[in-house]
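Observations on chain architecture
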Amino acid sequence: MLLTFTQWLQATGLFSYLRGSSYTYPVVLALHMVMFAFFGGLILLTDLRILGIAWTRYPIQEILEKTRTFKKHGLILMLILGFLLFGCKAEEYYYNAFFKMKLALLILLGINYLIFRGSVYNKGAELDRMPTAPGYAKLAAALSLFLWIAIACSGRGIGYIEPPLEKLHASVVPGLSTGQPSTPVAFLFRRG
Amino acid sequence: MLLIENPLNSSELVFPVLECFHIVGFAFSVGTVAIVNFRLMGLGLTNETPAQLWKDTQWWTLGGLILMIFTGLLLFSSDPDNYYLNYAFLLKMLFLVLAIVYNYTAVRKTAASNPPPGGGKTVGIIAMTLWACVVFGGIFIGFLTSTLDINHI
């Protein structure tokens, strides 16, 4: 059933269109990574602060409160961009072990948030009243840090798995140029 | 033909593992730089002054940069021809130098001067755009199939 879904998804008008250009996929992927660069720092800031490793001068409450909206919007953008990447070759991802691992890790991250939302992420002021964050708060932060790094690494791993070409019904137009350089940036370096 | 074998190429796992460290270094460097630049734009940790944020992130930024550049050099060494003949790689290096120089001149100076709210907006936007260009360059390295002709270099 999941396989049928991925085949249907990638055959929809939107994703057939996106797949038609060899620029779309790398541009969306780059934007996905830009989000990671812009908002990953806020996750590091939060987790390392709760762990007591860095930025201990700043109240936990201040960091949680001031970065919350940002992280939320960054995550939503990352998920949308990630879904666009997935849709372009959904069937191929269905066979990709690292993709499945990444999804499982994302679900674990969601569970981590749900479990500790009431006791850690919404209780910054209370944590600040203690000399150091209690064990359960540090556990939440350590898990978050580990899961985010594992998500980034499994994301990178996706690209290393050879797709089972004989089973696939669609693929992204390969390569940005064949023969003569034809990308816009190519002209900057073209000679003769 | 050189007969020197790069030990990094002895295992298929070395490259992907190095890439993971490269990504972690990048999250630390650009991520902490983003905290300062967002503050210059009047966003994020607005209770703190930009100067204070610069002070508190600078060693994490530097550590991330060192990890990123060191692993980057190792990745480059695995197949130099594949990189220096690649336009995306050349552009990435150009933007990387610009982003680092800009960070340690304009961003550093602006943050130290504690501009009024929103006063460092332009500097923050330029800095983050430069870092975004570095990311774009990095992604496109793997998507370009044709390279520069070695005979024309």
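Since the model is a prediction, treat every value here as computed from it, not as a measurement.

**Description of the layout of surface pockets**
All names here are of chain A. There is about 810 Å³ of room inside the second largest pocket. Taken together, 32 residues form the lining of the second largest pocket, with I43, K71, L75, L109 and W148 sitting closest to its centre. Looking at the lining of the second largest pocket element by element, the count peaks at 9 residues for helix α4 (residues 60–88). Considered class by class, the residues forming the lining of the second largest pocket number 21 nonpolar, 7 polar and 4 charged.

**Observations concerning the nonpolar core**
One finds F36, F38 and V120 of chain A together with F26, V107, M128 and W131 of chain B to be the most contacted residues of the largest nonpolar core, which totals 78 residues. Looking at this core, the element that brings in the most residues is helix α3 (residues 24–51) of chain A, giving 17 residues.

**Concerning the pattern of salt bridges**
All chains considered together, the criterion is met by 4 salt bridges over all chains. Measuring nitrogen to oxygen at the nearest pair gives 3.6 Å for the salt bridge that ties D56 of chain B to R57 of chain A. Of this pair, D56 of chain B sits in helix α2 (residues 50–78) while R57 of chain A sits in the loop between α3 and α4, on two different chains. R156 of chain A is the salt-bridge partner of E19 of chain B, the closest N and O atoms lying 2.9 Å from each other. Of the two residues, E19 of chain B is situated in helix α1 (residues 14–40) and R156 of chain A in helix α8 (residues 135–158); the pairing between them involves two chains. Among the charged side chains, a network of salt bridges with common partners joins R57 of chain A together with E48 and D56 of chain B.

**What about the side chain of E62 of chain A?**
With respect to the helices and strands, the residue E62 of chain A is situated in helix α4. No salt bridge forms around the buried E62 of chain A; measuring N to O, its nearest opposite-charge neighbour K66 of chain A is 6.9 Å away. Sequence-distant contacts of E62 of chain A, defined by excluding residues within four places in its chain, comprise L45, N47 and E48 of chain B.

**Considerations on the interface of chain B and chain A**
Listed by partner, the interface residues are 42 residues for chain B and 45 residues for chain A. Both faces combined, the contact of chain B with chain A buries some 3900 Å², and carbon together with sulfur accounts for 77% of it. Contact with chain A buries surface across chain B, with L45, Y87 and F143 of chain B losing the most and accounting together for 15% of the total. The interface formed by chain B and chain A contains 3 salt bridges. At the surface where chain B touches chain A, the tally comes to 7 residue pairs in polar contact (both at pLDDT 80 or more). The set of elements that each furnish at least two residues to the side of chain B that touches chain A consists of α1, α2, α4 (87–112) and α5 (121–141) of chain B. With 15 residues, the top contributor of residues to the side of chain B that touches chain A is α1 of chain B. Of the residues belonging to the side of chain B that touches chain A, the class tally is 29 nonpolar, 10 polar and 3 charged.

Thresholds applied
- Residues numbered from 1 in each chain as written.
- Chains lettered and ligands numbered in written order.
- Predicted model: local features only at pLDDT ≥ 70, side-chain atom pairs only at ≥ 80, totals over all residues.
- Heavy atoms only, no water.
- 1 Å grid on protein atoms, 1.4 Å probe; cavity = no way out; pocket = protein on both sides within 12 Å on 5 of 7 lines; lining within 4 Å.
- Points joined across faces, edges and corners; volume = space filled by probe spheres on them.
- Helix = DSSP H or I, 4+ residues; strand = E, 2+ residues; numbered from the N terminus.
- Nonpolar A, V, L, I, M, F, W, Y, C, P; charged D, E, K, R; others polar.
- Core = buried A, V, L, I, M, F, W, Y, C linked by side-chain atoms within 4.5 Å.
- Buried < 20%, exposed > 50% of the residue type's maximum accessible area, 1.4 Å probe, protein only.
- Salt bridge = Lys/Arg side-chain N within 4 Å of Asp/Glu carboxyl O.
- Lys, Arg positive; Asp, Glu negative; His and termini not counted.
- Contact = heavy atoms within 4.5 Å.
- Buried area = accessible area lost by both parts, 1.4 Å probe.
- Polar contact = N/O pair within 3.5 Å; in protein donor to acceptor, adjacent residues only side chain to side chain.

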